[in-house]
Amino acid sequence: MPSSRPRSTALIASAVIIVIAAALYYLRAAPSPKLFGFSATSSAAEAQWESQFRALPQPGQIRANMKYLSAEPHNVGTEREHVLAQWVQKQLQNDGLQAHIEQFEVLYPTPLQRRVTLVSPGHYDAVLKEPAVAVDPTSSQSGQLPTENIYSPDGDVTAPLVYVNYGVPEDYDTLAKLGISVKGKIVIARYGHSWRGIKPWLAYTHGAVGCLIYSDPRDDGYFQGDVYPKGAWRPEQGVQRGSVLRMPVYPGDPETPGWGAVPGAKRLPLSAVKTLQKVPVQPISYGDALPLLRALGGPVAPEAWRGALPITYHIGPGPATVHLLVKFHWGLASIYDVIGMIPGSEFPNQWIIRGNHLDGWVNGAADPLSGQSSLLEEARAYGVLLKKGWRPKRTIVYCAWDGEEPGLLGSTEWAETHAAELEQKAVVYINTDDSAKGYLDMGGSGSLQHFFNLVAQDITDPETHQSLWLKDKDHLLKNAHTAEQKNAILDGGDLRISALGSGSDFTPFLQHLGIAAGSLGFGGEGGGGVYHSIYDDFYWFTHFGDTTFTYERALAQTVGTAVMRLANANVLPLQFSGFADNVRLYQQQIEAEYRKQAGAPVFDFKPLETAVTNLRSAAKSYDDAMASDGGNGNLYKEPAADLASLNDLLYSSERKLMDEAGLPGRPWYKHQIYAPGLYTGYGVKTLPGLREAIEAKNYAQAAAEEKIIVQTLANFTAQIKTAQEKL
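Criteria and thresholds
Residues numbered from 1 in each chain as written. Predicted model: local features only at pLDDT ≥ 70, side-chain atom pairs only at ≥ 80, totals over all residues. Heavy atoms only, no water. Helix = DSSP H or I, 4+ residues; strand = E, 2+ residues; numbered from the N terminus. Rg over C-alpha atoms; globule rule 2.2 N^0.38 Å. Buried < 20%, exposed > 50% of the residue type's maximum accessible area, 1.4 Å probe, protein only. Contact = heavy atoms within 4.5 Å. Pairing = 2+ DSSP bridges. Axes fitted to C-alpha atoms, helices over the stretch in contact; angles between N-to-C directions. Salt bridge = Lys/Arg side-chain N within 4 Å of Asp/Glu carboxyl O. 1 Å grid on protein atoms, 1.4 Å probe; cavity = no way out; pocket = protein on both sides within 12 Å on 5 of 7 lines; lining within 4 Å. Points joined across faces, edges and corners; volume = space filled by probe spheres on them. Nonpolar A, V, L, I, M, F, W, Y, C, P; charged D, E, K, R; others polar. Core = buried A, V, L, I, M, F, W, Y, C linked by side-chain atoms within 4.5 Å. Phe/Tyr/Trp six-rings, centres within 6.5 Å; stacked < 30°, edge-to-face > 60°. Lys NZ or Arg CZ within 6 Å of the ring centre and 35° of its normal. Parallel < 35°, antiparallel > 145°, perpendicular 65-115°, else oblique. Left-handed = near helix turned anticlockwise from the far one by under 90°.

Q: Explanation requested: the overall build of the protein in the structure shown.
A: When helices and strands are counted, the protein shows 23 helices and 18 strands. For a compact globule of 727 residues, the expected C-alpha radius of gyration is about 27 Å, and the protein comes in at 26 Å, within 12% of that figure. Buried positions account for 60% of the 727 residues belonging to the protein. Contacts in the protein between residues at least 24 apart in sequence constitute 80% of all its contacts with a sequence separation of at least 6.

And the structure:
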């Protein structure tokens with residue numbers, strides 16, 4: 001048998017390698033002595049201002065913001081929402097920002113009638129109302145928006161019921177294999193695995209006449225943990241409201257696609273709108289779903305389809321027959337965007353835009369006020385710095401959007417109204433929405449990947465007292481399953497940020513106008529199921545959310561630091577190697593999907609592979625030149641005009657990823673790298689035209705889309721090369 005000595009030596013050597021790798025890993029996490037994009041002098045000044053800024057946000061002030069903002073229901077169209085917009089405007093003005101309100105008029109149906117009844121076998125009238133909770137002081141307030149799926153059409157149908165699991169494409173494939181049709185039926189789907197608006201649309205395309213959506217307790221209820229108010233999870237009669245507007249076609253006001261819904265704007269007739277659903281839709285609780293599902297017969301549902309209700313899950317159709325009635329008042333409502341500005345001292349026509357929405361379905365403490373309360377604390381901290389003499393080089397624009405919940409209305413209408421100005425001035429848009437406690441989630445344009453990593457290295461996690469970046473990295477290490485995965489994490493550089501689909505206010509900036517965008521927030525520790533219910537309020541958040549508001553403070557520190565750094569950098573801190581590597585990954589994923597398709601014709605991916613190779617080469621050359629010139633200080637000795645032209649090239653580079661014709665069947669979406677999926681909604685599809693054509697096995701369309709992407713990447717690559725010449 002082998003001697004133990006060589007084995008011991010090998011073990012020691014292995015341990016030494018791991019220790020060295022870990023040491024290098026932690027050294028890489030240490031803040032850089034000179035900030036990326038800054039000269040040595042400007043870096044030192046920036047670091048001092050940032051240090052002062054990060055000391056200013058206070059958990060107690062963020063808590064106070066949330067308590068006031070969430071005190072009453074404030075959905076779109078309510079007087080309370082208008083009052084809150086005026087209050088936010090006043091806060092920004094008090095902080096030294098130039099703040100104003102912009103009003104838009106949007107299609108906003110409100111519910112008149114809602115009825116779900118099991119008519120046979122037996123009889124059951126769904127409650128369709130969330131009960132007040134004794135310990136929760138705002139759960140019994142008047143003015144709560146009824147449980148609804150906004151932008152459902154009116155409908156009055158009675159039909160047999162069919163259970164379709166999550167109601168996603170693969171579920172209909174399973175139904176087809178079982179010989180079950182939903183034609184002429186009402187479907188019942190559980191929330192999850194896709195955005196809610198996909199479920200009624202797929203039901204319609206398969207011939208259904210109505211759609212019910214419920215939250216199964218396996219996903220969002222007692223299977224996950226104690227329900228509210230004992231625990232954080234959705235109670236028996238809790239309901240998830242939400243929009244079913246077909247946002248993968250276009251978001252915003254349904255009657256003004258592509259132009260701003262300012263008062264008096266031209267409007268499409270309702271019959272010409274393409275983003276409304278075709279069958280009536282109603283959300284229900286799992287308490288209301290139970291009698292309906294219990295009455296179903298037919299085959300027993302596959303194991304993966306079974307939730308946590310105390311029944312045997314059957315698919316149907318029938319014998320359960322259901323009556324579904326929904327009727328709306330189809331009118332216009334006013335929405336109010338609050339826009340605050342700190343003019344730039346050197347580059348006033350370069351805008352760093354930061355936004356979060358203000359409207360909620362009811363009180364909306366977590367969604368959206370966790371993010372909005374932090375935004376206001378960022379602005380307050382800026383106000384303190386302004387009084388001390390700080391001025392950003394670029395203009396900072398702070399936005400509180402109205403109408404996000406129905407369909408990104410406020411941000412989309414503002415972006416469409418100011419499209420020409422934003423084309424010239426917008427540098428980066430940074431978004432937040434609901435946030436909790438846990439790990440920093442970073443998403444956005446690939447050119448921001450390195451920048452976000454650097455910011456995350458400079459912010460301290462409030463619980464572990466290590467950097468946010470290290471906490472994220474350690475989390476990845478703990479969840480790595482193999483030595484290979486662990487070594488890749490230890491040896492790797494930046495954390496990969498996620499690509500953005502839709503579901504929040506970055507969409508019009510990134511995917512319609514080609515403005516580099518990022519989304520930041522915390523989550524992953526704790527949990528809960530009060531999303532879009534009356535229980536998403538101050539009581540729930542202070543008992544089950546970020547109870548100490550320390551992660552809301554960390555959010556303000558993180559986003560505020562990112563905004564400051566972008567506003568003051570001599571050279572915009574964009575890098576392209578991470579983006580290029582991500583695009584290569586997307587290309588490889590698409591080719592892998594193609595290889596899985598039996599009987600597929602020969603498809604030539606060579607043009608795309610060559611375009612990606614050229615992109616990676618140009619990106620590396622730019623990043624290397626930036627590091628070299630910046631490190632030597634030469635970059636910052638250029639005349640101001642040359643520096644300005646370099647920055648113009650950098651922030652307009654995202655525009656090169658657009659194609660004016662847009663994506664097939666949905667021209668509003670012009671970005672060729674990121675888009676919401678037609679059948680995922682919020683979920684992103686990268687290289688969307690090509691990917692969705694391959695997934696649909698439409699190879700002629702795929703070939704056409706590949707040509708567009710190849711040209712898009714070539715345009716982007718040329719822009720990077722031109723920028724490199726400026727170095």
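Once the structure has been displayed, the description carries forward.
Q: What am I meant to see in the sheet that holds strand β12 (residues 347–357) here?
A: Note on sheets: strands pair through backbone hydrogen bonds, and any given pair is parallel or antiparallel. The seven strands are arranged β1-β11-β13-β12-β14-β16-β15 in an open sheet whose pairing can be described as mixed. Whereas interior strands pair on both sides, the edge strands pair on one side only; in this sheet they are β1 (98–107) and β15 (437–444). Ignoring which end each strand starts from, the neighbouring axes of this sheet average 20° apart.

Q: I'm lost on the pattern of salt bridges in this one. Help?
A: A side chain of one charge can pair with a side chain of the opposite charge if their charged atoms are brought near each other. This structure, assessed with the given rule, holds 22 salt bridges. Where D461 meets K471, a salt bridge forms, and the shortest distance between an N and an O atom there is 3.3 Å. One end of the pair, D461, is in the loop between α13 (449–457) and α14 (468–478); the other, K471, is in helix α14, with ten residues separating them in the sequence. Judged on exposure class, the residue D461 and its partner K471 are both buried. Across the salt bridge formed by E660 and K670, the nearest N and O atoms sit 3.6 Å from each other. Of the two residues, E660 sits in the loop between α21 (640–651) and β17 (674–676) while K670 sits in the loop between α21 and β17, which places them ten residues apart along the sequence. The network of salt bridges with common partners includes E50, R54, D458 and R565.

Q: For this particular structure, what's the right way to read the layout of surface pockets?
A: Here the idea is plain: a probe the size of a water molecule rolls over the atoms and shows the empty space left. Roughly 620 Å³ of internal volume is contained in the second largest pocket. Contributing to the lining of the second largest pocket are 24 residues, with P169, Y679, E692, E695 and A696 lying nearest its centre. Mapped onto the lining of the second largest pocket, the elements with two or more residues apiece are α5 (169–177) and α22 (688–695). Per element, the largest residue contribution to the lining of the second largest pocket is five residues, and it comes from α22.

Q: Would you mind going over empty space enclosed by the protein with me for this structure?
A: All told, the structure shown has two cavities of 30 Å³ or more when counted by the stated rule. Here the largest cavity is characterised by a volume of approximately 50 Å³. Lining the largest cavity are W195, G197, I198, W201, R246, P248, V249 and L678. As for the second largest cavity, its lining consists of W361, V362, G364, D367, E405, H532, S533 and D536. Looking at the lining of the second largest cavity residue by residue, the class counts come to two nonpolar, three polar and three charged.

Q: Looking at this structure, how should I read α22?
A: Every α-helical turn comprises 3.6 residues, leaving residues that sit three or four positions apart pointing alike. Counting buried residues in α22 gives seven out of eight residues, a clear majority hidden from the surface. Listed in full, the buried residues belonging to α22 are P688, G689, L690, R691, E692, A693 and I694. Positive backbone phi, approximately 60°, marks K697, located one or two places after α22.

Q: Help me understand the nonpolar core in this model?
A: Within soluble globular proteins, side chains that are nonpolar generally end up buried alongside one another. Residues L212, Y214, L293 and L422 are the most contacted members of the largest nonpolar core, which totals 205 residues. Of the residues forming this core, the biggest block, ten residues, is contributed by helix α9 (residues 365–387).

Q: Just checking my understanding: could you explain the side chain of T117 for this structure?
A: In this structure, T117 sits in strand β2 (residues 110–120). Overall, the relative accessible area of 4% leaves T117 in the buried class. With near-sequence residues (within four places) excluded, T117 lies in contact with H123, Y124, D125, T321, V322 and H323.

Q: Mind showing me how you'd approach the packing of aromatic side chains here?
A: Think of a pair of aromatic rings as described by two things: how far the centres are apart, and how the planes are tilted against each other in angle. Within the structure shown, the criterion is met by 30 aromatic pairs. Pairing F541 with F549 gives two aromatic rings, centres 5.4 Å apart and planes at 50°, and the pair type is tilted. Like F549, F541 is buried. Taking the centre distance of 5.4 Å and the plane angle of 70° together, the rings of Y594 and F605 count as edge-to-face. Of this pair, Y594 sits in helix α19 (residues 577–595) while F605 sits in the loop between α19 and α20 (606–632), and the two are eleven residues apart along the sequence. The buried category is assigned to F605, whose relative accessible area is 6%. Each member of the aromatic cluster is reached from another via a ring pair, and the members are Y228, Y535, Y539, W540, F541, F544 and F549. For the cation-ring pair, R80 lies above Y68, with the distance from its terminal atom to the ring centre recorded as 4.9 Å. Above the face of the Y669 ring, R666 is positioned so that its terminal group lies 5.6 Å from the ring centre.

Q: Would you take a moment to explain the pairing of strand β14 (residues 426–431) for this structure?
A: As a general feature of sheets, a regular strand has side chains that alternate between the two faces. For β14, a buried count of six out of six residues is recorded, marking the element as mostly surrounded by other parts of the structure. Where β12 and β14 come together, five bridges link them in parallel fashion. Pairing of G355 across the sheet is with N431, part of β14.

Q: What's the story with the packing of α13 against helix α18 (residues 550–568) in this structure? I'm lost.
A: Remark: α13 packs on α18, axes separated minimally by 10 Å, with the N-to-C direction vectors making an angle of 125°. Classed by the angle they form, the pair α13 and α18 counts as oblique. Here α13 and α18 pass one another in a crossing that is right-handed. Mapping the contact onto sequence places F451, L454 and V455 in α13 and T558, T561, A562, R565 and L566 in α18.

Q: Help me out: how do you make sense of the pairing of strand β6 (residues 186–190) in this one?
A: Judged by how many residues are buried, β6 sits mostly within the fold: five of five residues are covered. Residues I186, I188 and R190 point to one face of β6 and V187 and A189 to the other, with burial holding for every one of them. Looking at chain direction, strand β5 (residues 155–163) and β6 are connected through three bridges and run parallel. Looking at the pairing, Y163 lines up with I188 of β6.

Q: Can you walk me through the environment of Q587 in this structure?
A: Turning to its location among the elements, Q587 is positioned in helix α19. For Q587, a relative accessible area of 9% translates into the label buried. Between the C-alpha atoms of Q587 and Y679, which are 92 residues apart in sequence, the distance is 20 Å. Leave out the neighbours within four places in its chain, and Q587 touches L608, E609, V612 and L687.

Q: I keep staring at the sheet that holds strand β9 (residues 281–284) and nothing clicks. Help me out?
A: Here seven strands make up an open sheet; going across it, the order is β3-β2-β10-β5-β6-β7-β9 and the pairing mixed. Each edge of the open sheet carries a strand with a single partner, namely β3 (124–125) and β9. Sheet topology note: the β5/strand β10 (residues 321–329) ladder contains six bridges and is antiparallel. What sits directly across from D156, in β10, is L325.

Q: Got a minute to help me understand the packing of α22 against helix α23 (residues 699–726) in this structure?
A: Helix-helix packing: each pair is described by the crossing angle between the helix axes and the interaxial distance. Packing of α22 against α23 brings their axes to within 8 Å, and their N-to-C directions diverge by 165°. When the axis of α22 is compared with that of α23, the two are roughly antiparallel. The handedness of the crossing between α22 and α23 comes out as left-handed. On α23, the residues that touch G689, L690, A693 and I694 of α22 are Y699, Q701, A702, E705, E706 and I709. Partitioning the contact of α22 with α23 into residue classes produces six nonpolar, two polar and two charged.

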